[in-house]
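Geometric and topological summary
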Amino acid sequence: MIAAIETVPLQSFDGPLAAELFLVARILFGGVLAFTGVNHFLDLEGMAGYAEMKGIPAPTASVALSGVVLVAGGLGVVLGVFPALAAGALAAFLLVATPTMHDFWAVPEDQQQSEMTSFLKNVGLLGASLTLVALGALEWPYAVGLGLF
């Protein structure tokens, strides 16, 4: 007979320093992604050229739109403003951008390691964003408190 695995739903962040660590994690995760989004605007022409090389349609508009998603999603996670929506937008961006922009399997051998590193970094960020989506229904400590739930 297989033993049943029961889950206890997470109700709050009441462990020792849990709220503070969660805030630090949000700042690190969301802050890095928001900063990356700002870079989309600071180097719009260069990033659009790279996106065009990768076959992205409307590369300038695509880079600008992805910059908006990264800045808004990153700040939403940091501030706890519509956190499930912010994390979900980041997850959607990463789900699309990772295989299209970092297709290590389709580049020359001298570029494969760099593209694979970027691909795997984005996969890790995708995992973190999905975790935040799952936690989006909870009341986040040190958050503005605007949300869908």
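In the block above lies the structure referred to throughout.
Residues numbered from 1 in each chain as written. Predicted model: local features only at pLDDT ≥ 70, side-chain atom pairs only at ≥ 80, totals over all residues. Heavy atoms only, no water.

The next subject is the environment of Gly88. Note on placement: Gly88 falls in helix α4 (residues 83–101). Sequence spacing of Gly88 and Gly73 is 15 residues, and the spatial spacing of their C-alpha atoms is 8.2 Å. (Helix = DSSP H or I, 4+ residues; strand = E, 2+ residues; numbered from the N terminus.)

With the rule as written, the count across this model stands at 2 salt bridges. Close ionic contact of Lys54 with Asp103 constitutes a salt bridge, the shortest N to O distance being 2.5 Å. Residue Lys54 is found in the loop between α2 (44–53) and α3 (59–79), and its partner Asp103 is found in the loop between α4 and α5 (109–134); the two are separated by 49 residues along the sequence. Judged on exposure class, the residue Lys54 and its partner Asp103 are both buried. The partner of Glu115 in a salt bridge is Lys54, with the nearest N and O atoms 3.6 Å apart. In this pair, Glu115 is assigned in helix α5 and Lys54 in the loop between α2 and α3, connecting sequence segments 61 residues apart. Each of Lys54, Asp103 and Glu115 takes part in a single network of salt bridges with overlapping partners. (Salt bridge = Lys/Arg side-chain N within 4 Å of Asp/Glu carboxyl O. Buried < 20%, exposed > 50% of the residue type's maximum accessible area, 1.4 Å probe, protein only.)

Glancing now at α4. Between its first and last C-alpha, α4 extends 26 Å over 19 residues, near the 27 Å set by a 1.5 Å rise per residue. For α4, every residue scored as buried is listed here: Pro83, Ala84, Ala86, Ala87, Leu90, Ala91, Phe93, Leu94, Ala97, Thr98 and Met101. (Expected span 1.5 Å × (residues − 1).)

Attention now moves to the packing of aromatic side chains. Scanning the entire structure with this criterion turns up 5 aromatic pairs. Taken together, a centroid distance of 4.5 Å and an interplanar angle of 20° make the contact between Phe13 and Phe22 stacked. For the residue pair Phe13 and Phe22, the accessibility class agrees, reading buried in each case. Seen from their ring centres, Phe104 and Trp105 are 5.0 Å apart, and the 80° between their planes marks the pair as edge-to-face. (Phe/Tyr/Trp six-rings, centres within 6.5 Å; stacked < 30°, edge-to-face > 60°.)

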